[in-house]
Structure formats: structure tokens, C-alpha cells
Amino acid sequence: MPNHHLTTLDLVCVLMDTDVRPLDFALLLEFDRKITPESLARGAISARNRYPTTGSKVVDGRWVRLAAESCRSAFRAVHSEREANHIDSFLRGRLNVATGPPVRQIWMGDGKDGSGCLVTRIHHCAADLLSALGWIRHQLRVAAGLDGPCAVPIESGPPALAPAPPGANRNPDWHRCAPIWTRPSRASAERRWTTFTLADRGLSALTSDGDGFTYNDVLTVAVLETLHWWNLVHDEGERKVGVWLPVNIRREHFLGFGNASSRIRVRRTYADGLALADKCRAVRSQINVARERGEWVVPEQTFPTRALFRYGSRIARRYLNRPWADMGSASFSHVQRWPGQTDPVFADVRKVAVVGAMHRRHALMLAALTFHGQTRMTITYDPALLWRQDLAAIAYRYVRTVDAVVLGS
């Protein structure tokens, strides 16, 4: 397999990775059925061949294939008696893609019935959430004997990206959203998370054509309203909040493995007194305009970009963190429809969580995954900036806001 260059999105994810804000995310899947660690290990080897960048490391802006032995150590099985400690330890620190593969896993099995929790840690330079779900699906299908293993690396390239409209601009104005109120402390490298369930209650059937907004718009407005409320109760209600929202920019919506998520900004610019449904329509309008104007545009790869990666990463980071670039007050991601969500290998998933990557300007991020008729929301936060009781209040307010949309408030 040739050593492919990283794409522009991949390069940005590598450059923005820091000790305090590691740029990886994790999927936690708890299963009710019996799964053996040996079958999961076979499935992982197959997935690294099916998606070769996940069996590679990053050297001077290229993916370089690793020896098989180096990848085998990226999967390990442990007993689940001390599950929380294992997960915290596994997710602590940076995922070094210069020395090992960008996808690593632990399986915490229950010795009694064979069920357990599969934790998959993925660097954003290799995959977005859609691709990560496809990787795990392949692993599980091979583990279950539903698909044959992929024995050798398959030649593949990154996802083809949609062309941007003429005049596209990632920063169409100079307005920058304010941060949320936090505890008076410095940011830490620790990540904590809380997960809760949102009942569907018919919201997933909303359409922009028929209702003027979608389920994703409801969840986005709930983020904006919750962040504004949080500032308000801490006497910071004048702060203008916004959300950093991912956009799938694949040319074909679900085709291609890799990192194909760009970002747009959605700001709380509507009037306080609007009904929640009208706030959802205002957000839908913002998203439509940002899409049409190409706010999600990704620059083409150039030689200077690669030169910066090799010789001037500090300069590149300073540019990517330039003060006028708006990353919102927090980031939010929601995957509602994804290939394979009805696959039988996911039928016995009892719980799911998405532990997200936080930007250096954010104290928390929200990630939701919808399947089995419900949405599991995970809020990842920095415990130095927000405490457990803070997150309990934020999560409660978020659920109440979504419920208010259902009730028509």
C-alpha cells in the first residue's frame, strides 16, 4: 500500500492536538450478548486491513504502514471489575499517532456471562464519527462470523469532498462567540463525561420541508438555550453564545472512510421571546445559509501546508488558533442516521457513549448518537473548569429544554 499524504483536515487535526486538549474521541459500547476478546481481536486486525490508515502511523505528513505486531498491541482485554478506572486510564493523555496506530481499543469483559464494554479510542486525523462507526461495524461483523476477515490491506483513499461554492469563506464575519462561565481554574488535560437518554417522542420524524426544522435543529437549540441559561444564572447573561457544529462534507453522504467533517458556526441571534419552535426554524435558516455560502470550505492541500507540518507546526497552530476565528462557545455533534445502524451486530448494545474531543477554547462538548429509537447524549467536560454538580444542572436543563419543544412551549 502506498504511503498516502494526510488530507488538509487530517493535518489540521494533528497540528491542533495538544497535551491539554488531545484531539481524539472515544466510543463506548456496552453489550448484553457474549463476545470473546479473541474474536474482537481478529475483527480489529481485519478492520485495519479494510481501512489501512488505521493500521498506520503519521510520519512527515504521510500515513506509513505499521508492522502487524505494532497493531496487535493496540487491542487488549481486561476484567471489568474496575471498569471506571480502566476507562479513565485508557483515555488519559495524548494518542500519539507518530508512534502507533490512530485507533486503539480495550474490551472490558464480564467473566460470568461474556458481556462487556468495548471502548474504541480514535484520533480525529484518521476518522470522524461516521467512519468510526463503520470501522467498529466491520470489526463486529468479522467477530460474529457474518463477514470473512480482510487478510491484506486494501488500496483506498480518503473520502471525496463536496466542491465548495464560488466565494466560499470559512470566517464570513469577525464576530466571535463568548465562552461559557467556568470555575476559576486553568484548563486541565482530564476528561470526564456524563451520559443520558433523550426519548424520541416523535421528534426524529421532523422535516425541514414539512415542519420548518429537524430533530438536529431541536438538539442544537437546546444546546444554545442551555449555554445561555448557564451564563445567565452566573450573571453573565450578556455573553453571546454559539455552537461549533459539524457538517458532513462527503460528496456522497455516507461514502468513504476518513475524516470528512468540517464545521460551521450557529449563533444564538434570535430574540429571547420567540417560541422554541421558531428558534428551531431560525437555527435551520442559519445552517442553510452557512451551507449555501460554503462556510464549511476546506482549503486545497498545498506544498506550504506540508512544509508547515514538518518545519513550522508552531506557526501553523498560531494561525489555526488566531483570535478572530470563531469556534463557538462549545461544540456539538449528532449522528442520527448512519450506515449499519440496524445491523444485528448492534442489536444487543445496552448503552452507548461518545466521549468527545474538546477545543482549547471550550470547557465542554456535547455528542449525541441516535439508534434503537432513542438518543444517547454525552457531555464531555474538563473537571478543572466545571464540576460534577455543574454538569448535573446543565444536563437537567438540557433535557427540560428538549421536552419543552415536545410540549410546544
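Throughout what follows, the structure given in this document is the object of discussion. In this text the structure is predicted, and so the values were computed from the model without any measurement.

Let's talk about the layout of surface pockets
Logical step 1: Roughly 630 Å³ of internal volume is contained in the second largest pocket.
Logical step 2: Surrounding the second largest pocket, 30 residues form its lining, Y51, S131, G256, F257 and G258 being those nearest its centre.
Logical step 3: At six residues, the largest contribution of residues to the lining of the second largest pocket is made by helix α5 (residues 129-143).
Logical step 4: When its residues are assigned to classes, the lining of the second largest pocket shows 12 nonpolar, 13 polar and five charged.

Section: unusual backbone geometry
Logical step 1: The residue D60 is not glycine, and still its phi comes out positive at about 50°.
Logical step 2: Within the secondary structure layout, D60 lies in the loop between β2 (56-59) and β3 (62-65).
Logical step 3: D60 gets classed as partly exposed once you look at its relative accessible area, which sits at 43%.
Logical step 4: Residue H372 is not a glycine yet carries a positive backbone phi of 60°.
Logical step 5: Along the polypeptide, H372 turns up in the loop between β12 (364-371) and β13 (374-381).
Logical step 6: Look at H372 and you get partly exposed, because its relative accessible area is 42%.

Quick notes on the packing of helix α6 (residues 215-233) against helix α7 (residues 276-293)
Logical step 1: As a packed pair, α6 and α7 sit with axes 9 Å apart at the nearest point and diverge in direction by 105°. It follows from the interaxial angle that α6 and α7 lie roughly perpendicular. In this structure, α6 uses D217, V218, T220, V221, L224 and E225 to contact α7, whose residues at the interface are L276, K279, C280, V283, R284 and I287.
Logical step 2: By residue class, the composition of the contact of α6 with α7 is seven nonpolar, one polar and four charged.

Quick look at the sheet that holds strand β5 (residues 103-109)
Logical step 1: Strand order in the open sheet formed by five strands is β4-β5-β6-β1-β11, and the pairing between neighbours is mixed. Lying at the two open borders of the sheet, with one neighbouring strand each, are β4 (75-79) and β11 (349-355). The sheet shows a mean angle of 15° between the axes of neighbouring strands, direction not considered.
Logical step 2: Direction of pairing for β4 relative to β5: parallel, over a ladder of five bridges. Considered in β5, the bridge of V78 is made with M108.

Cut-offs used in this document
- Residues numbered from 1 in each chain as written.
- Predicted model: local features only at pLDDT ≥ 70, side-chain atom pairs only at ≥ 80, totals over all residues.
- Heavy atoms only, no water.
- 1 Å grid on protein atoms, 1.4 Å probe; cavity = no way out; pocket = protein on both sides within 12 Å on 5 of 7 lines; lining within 4 Å.
- Points joined across faces, edges and corners; volume = space filled by probe spheres on them.
- Helix = DSSP H or I, 4+ residues; strand = E, 2+ residues; numbered from the N terminus.
- Nonpolar A, V, L, I, M, F, W, Y, C, P; charged D, E, K, R; others polar.
- Buried < 20%, exposed > 50% of the residue type's maximum accessible area, 1.4 Å probe, protein only.
- Axes fitted to C-alpha atoms, helices over the stretch in contact; angles between N-to-C directions.
- Parallel < 35°, antiparallel > 145°, perpendicular 65-115°, else oblique.
- Contact = heavy atoms within 4.5 Å.
- Pairing = 2+ DSSP bridges.

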